[in-house]
Structures are given as structure tokens and as C-alpha cells.
Amino acid sequence: MGCINPDGTVTEAARELLRLLEGKPLTDRDVAARTLSGQPLYMIRSRLRELREAGLIEEEAGRFRITEKGRERVFLARASL
Amino acid sequence: MEQVSEIIERPALMLPRLGEPAPQFEAVTTHGKIRLEDFKGSWLILFSHPADFTPVCTTEFMGFARLHPKLREMNCELMGLSIDSIYSHIAWIRNIEQNLGQKITFPIIADSGRQIASLYGMIMPGESRTETVRCVFIIDDRQTLRAMLYYPLTTGRNMDEIVRMVEALQITDEFGVATPANWQPGGDVIVPPPNTQELAEERVADKEVQCKDWYFCQKKI
């Protein structure tokens, strides 16, 4: 249930978070409230940390936003559908 | 009888302490890497089991999984732990779902290196040197350790008692009261005893509480 697959692609759960963060920066609680998959807050925090460490999102003052690298991953995921 | 020299030579078992911050950790789990701090804002029942693919543990896991929705309603999460590998955990919970029809919805820590088991004093060498005993740690929403229960390898835990403990602690926090022996949700609670003579006199005159004596008063909430 991590965010990054062994082949470097992002999981469906991670894609959901990245899509949410394409708009305005959100806190972890904002993200948890907006997910359709009902991920609990502790999982959101774990996944946001993994995405941040992978450079796909960044954090400033407790709010998360997608990076260019993250947008590329979302674009690639959409293109492969 | 045990000799004094044997007692002195026995290595000290590290145990966390009630009322203090729960020891922090990062763990590999069946739900990915999780840190204890990820649970801030919700209560957590952290529990250990001796080993995957064992019968008592399987009954406990099914019991915990059945409780999980109720615990979530109480703002309380669950997380298991044993010193088995992540692949063993995955195989076991798939086995439980396929053969016994119970989906395991909470994460399980693979503590192969025993770091967290050691941090929380989950290994009791008198019971087993290679397995964790049946521990339960109740950690509150501010990450303070509020309760610990230790069961031996042979005795499965009482799930109702674990839920009762969380309910009692949450009532204590919300209303500033204590709970009597065998308290159940909805039952009378204990009002903390007054600590001055003046307060004692006020307490016995208080119509909101039922007092057996000035130090022993109960009320409904």
C-alpha cells in the first residue's frame, strides 16, 4: 500500500492524492477529507511523506502541493490509460 | 527460591511508562511505512502477537478486525506487531480472508529486527525468547501512553475489555472523572475526591452527585 511501485510508477492511491494536490495547497486533514477512497488520516500522512521524499510533492507550513515531477507522473498515468 | 545474584544478573527489561509520551518509531507495515506520529489526533491500540499462522493469534486477529469499525467510530485506530516478516504477514492475512472470511483492515508491523518489540518491552524471555507476548498499548490522541495490558502466550485477549478500557479513558478525558470496578458505558462514574475540608463539605451537600461518604461520590454523565 505504498505510493511508488517497484517500476517507479505511482499507485492508484498515490495518484488520487497527487490529483487532489494539483489545485491549491492542502493540509493533511484537507486531503483526508477530500479523498474518495476513505483513506484514514494516518495513511494520508504516511503517503504524503513518501510522495514528498520522492520529490512528487512539496510541503510549506503544513500545506502540500504537487511539484513539476509530480505533474509529469500524473500526466504519464493519464496517458497510459 | 531465586538467588539474589541471579536477580542482579538478569538483564533489565525496558518497559514504557504510563502517562509519558509513547516511544516514537517508524515501521514497515502491511500498509507501507508508518510512523507512530502519523496517528496524532486519534487514539491507537498498538498490540503484539506471538506469531503468524498460529490459532490463538488468528482468533484474536479476527476479533480485532470485527471491532475495527466500532473503534474507528471512537476515533481509535488499530495496529498489530510481531517479529515475523512482511511476507509472512501478507500471506497470513490473505489466508484469514480466504479461509475464514475475515478481512484484516488494520496495518501489521513486521518487526523482524525486534527494535519496536524491545522499545515497548514486548519480549518476555520467561515466556519466549523468540516471540512477542500478547501486549496491548493504548495511546491517546496526544500520543501519551495511557494503558498497558500483558497477556501470556496461551491466553487470548478479551476484546470487550480492550474496548471498555478505551471508552473509560475517553470518558475520563472528556468529563474529568474516574470509573469504578467493572464499569460499563452508561454506568455511574466516580467524582474525584475533594482535597480540602471546604470542598468536602460542599461535595456532600451537592445534589448532583450521590455520595456514600465525602470521598466516595458518583454521578451519571
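Residues numbered from 1 in each chain as written. Chains lettered and ligands numbered in written order. Predicted model: local features only at pLDDT ≥ 70, side-chain atom pairs only at ≥ 80, totals over all residues. Heavy atoms only, no water.

Q: I would appreciate a short explanation of the overall build of chain A in the present structure.
A: Tallying secondary structure elements over chain A gives four helices and two strands in all. Starting at the N terminus and ending at the C terminus, chain A contains elements arranged as α-α-α-β-β-α. A compact globule built from 81 residues should have a C-alpha radius of gyration of about 12 Å, and chain A, at 11 Å, falls within 12% of that. Dimensions of chain A along its principal axes, counting C-alpha atoms only, are 30 × 25 × 20 Å. A buried classification covers 41% of the 81 residues belonging to chain A. Excluding contacts between residues fewer than 6 apart, the proportion of contacts in chain A whose partners are at least 24 apart in sequence is 48%. Surface accessibility of chain A: about 4,500 Å² in total, with carbon and sulfur atoms responsible for 51%. Averaging the coordinates of the 15 positive side-chain charges in chain A and doing the same for the 13 negative ones gives two points 3 Å apart. (Helix = DSSP H or I, 4+ residues; strand = E, 2+ residues; numbered from the N terminus. Rg over C-alpha atoms; globule rule 2.2 N^0.38 Å. Buried < 20%, exposed > 50% of the residue type's maximum accessible area, 1.4 Å probe, protein only. Contact = heavy atoms within 4.5 Å. Areas by Shrake-Rupley, 256 points an atom, 1.4 Å probe, with all protein chains shown as cover. Lys, Arg positive; Asp, Glu negative; His and termini not counted. Charge placed at Lys NZ, Arg CZ, Asp CG, Glu CD.)

Q: Looking at this model, I keep getting lost on the pattern of salt bridges. Mind explaining?
A: Close approach of charged atoms allows side chains of opposite charge to pair. For the structure shown, the criterion picks out 21 salt bridges over all chains. As a salt-bridge pair, Glu58 of chain A and Arg65 of chain A come within 3.9 Å of each other at their nearest N and O atoms. On the basis of relative accessible area, Glu58 of chain A is assigned to the partly exposed category, the value being 40%. Here Lys220 of chain B ties to Asp188 of chain B by a salt bridge, and the two come within 2.9 Å at their closest N and O atoms. Separated by 32 residues along the polypeptide, Lys220 of chain B in the segment after β10 (216–219) and Asp188 of chain B in the loop between α5 (159–175) and β8 (189–191) bring together distant segments of the chain. Salt bridges sharing partners connect three or more residues here, namely Asp140, Asp141, Arg142, Arg146 and Asp173 of chain B. (Salt bridge = Lys/Arg side-chain N within 4 Å of Asp/Glu carboxyl O.)

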